[in-house]
Amino acid sequence: QVQLVESGGGLVQAGGSLRLSCAASGRTFSSYAMGWFRQAPGKEREFVASVISTGVLKYYADTVKGRFAISRDNAKNTVYLQMNSLKPEDTAVYYCAAASVGYQPARLNDYPYWGQGTQVTVSS
């Protein structure tokens, strides 16, 4: 089992940047694929990005491709989401999640472990 705690959210102007962090507990962090999802008010939770356990393969939603970058540091049990060129439509609560074996990157049900989320607000 793994516990996840996100940090780094906040208020930023359009065009700005933020880096989210997700710290994981437990010694098996390096065995999990990790993902970032977001949920805006009144909308369903949606996939943002994912990285496999070794960090070699990464996946992105089309809406963030070229602006966001996911990375991980297995020595620090942490996964990051670097968000650049932020837009007002990126405003949401951002969640990190740990995926089960054989996961599909964008499928929420393949992620049994979730953090509490961190708010990102982008002003126009």
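Further up the page is the structure itself.
Quick caveat, the model's predicted, so the values are computed rather than measured.

Participant: Just to check I follow, could you spell out the overall build of the chain for this structure?
Facilitator: Across its full length, the chain holds zero helices and 11 strands. Counted from the first residue to the last, the chain has its helices and strands arranged as β-β-β-β-β-β-β-β-β-β-β. A compact globule built from 124 residues would reach a C-alpha radius of gyration of about 14 Å, and the chain, at 13 Å, matches this within 12%. C-alpha extents for the chain along the principal axes are approximately 40 × 25 × 25 Å. Out of the 124 residues in the chain, the part that is buried amounts to 44%.

Participant: Please explain the packing of aromatic side chains as it appears in this structure.
Facilitator: Describing an aromatic ring pair means giving the distance of the ring centres and the angle of the ring planes. Taken as a whole and assessed by the stated rule, the structure comprises seven aromatic pairs. Aromatic pair Tyr32 and Tyr113: ring centres 5.8 Å apart, planes at 90°, arrangement edge-to-face. With Tyr32 in the loop between β3 (18-24) and β4 (33-39) and Tyr113 in strand β10 (residues 113-114), the pair connects residues that are 81 residues apart, well separated along the chain. For Tyr113, a relative accessible area of 22% translates into the label partly exposed.

Participant: Whenever I open this one, the pattern of salt bridges confuses me. Can you help?
Facilitator: Note on pairing: side chains with opposite charge can pair once their charged atoms come close. Counted according to the given criterion, the structure contains five salt bridges. In this structure, Asp90 and Arg38 form a salt bridge, with 2.9 Å as the shortest nitrogen-oxygen distance. Of this pair, Asp90 sits in the loop between β8 (78-83) and β9 (92-99) while Arg38 sits in strand β4; the two residues are 52 residues apart in sequence, bridging distant segments of the chain. The same class applies to Asp90 as to Arg38, namely buried. Here Arg67 ties to Asp90 by a salt bridge, and the two come within 2.8 Å at their closest N and O atoms.

Participant: I would appreciate a short explanation of unusual backbone geometry in the present structure.
Facilitator: One can expect most non-glycine residues to show negative phi and most peptide bonds to be in trans. Despite not being glycine, Asn77 has its phi angle at roughly 55°, a positive value. Counting through the fold element by element, Asn77 comes out in the loop between β7 (68-73) and β8. One non-glycine residue, Ser85, lies in the positive phi region at around 50°.

Participant: Sorry if this is basic, but what is going on with the nonpolar core here?
Facilitator: Note on soluble globular proteins: their nonpolar side chains tend to be buried together. One finds Met34, Trp36, Leu81, Met83 and Tyr94 to be the most contacted residues of the largest nonpolar core, which totals 37 residues. Those elements giving two or more residues to this core turn out to be β3, β4, β5 (46-51), β7, β8, β9 and β11 (118-123).

Participant: How should the environment of Ser50 be read in this particular structure?
Facilitator: Looking at the element boundaries, Ser50 is found in strand β5. The sequence separation of Ser50 and Gly115 amounts to 65 residues, and the corresponding C-alpha distance is 15 Å. Contacts of Ser50, omitting those with residues within four sequence positions, involve Met34, Gly35, Leu57, Lys58, Tyr59, Ile70, Tyr103, Pro105 and Tyr111. At 2.9 Å, the side chain of Ser50 and the side chain of Tyr103 are in polar contact. Separated by 3.3 Å, the side chains of Ser50 and Tyr111 make a polar contact.

Reading the values: rules and limits
- Residues numbered from 1 in each chain as written.
- Predicted model: local features only at pLDDT ≥ 70, side-chain atom pairs only at ≥ 80, totals over all residues.
- Heavy atoms only, no water.
- Helix = DSSP H or I, 4+ residues; strand = E, 2+ residues; numbered from the N terminus.
- Rg over C-alpha atoms; globule rule 2.2 N^0.38 Å.
- Buried < 20%, exposed > 50% of the residue type's maximum accessible area, 1.4 Å probe, protein only.
- Phe/Tyr/Trp six-rings, centres within 6.5 Å; stacked < 30°, edge-to-face > 60°.
- Salt bridge = Lys/Arg side-chain N within 4 Å of Asp/Glu carboxyl O.
- Core = buried A, V, L, I, M, F, W, Y, C linked by side-chain atoms within 4.5 Å.
- Contact = heavy atoms within 4.5 Å.
- Polar contact = N/O pair within 3.5 Å; in protein donor to acceptor, adjacent residues only side chain to side chain.

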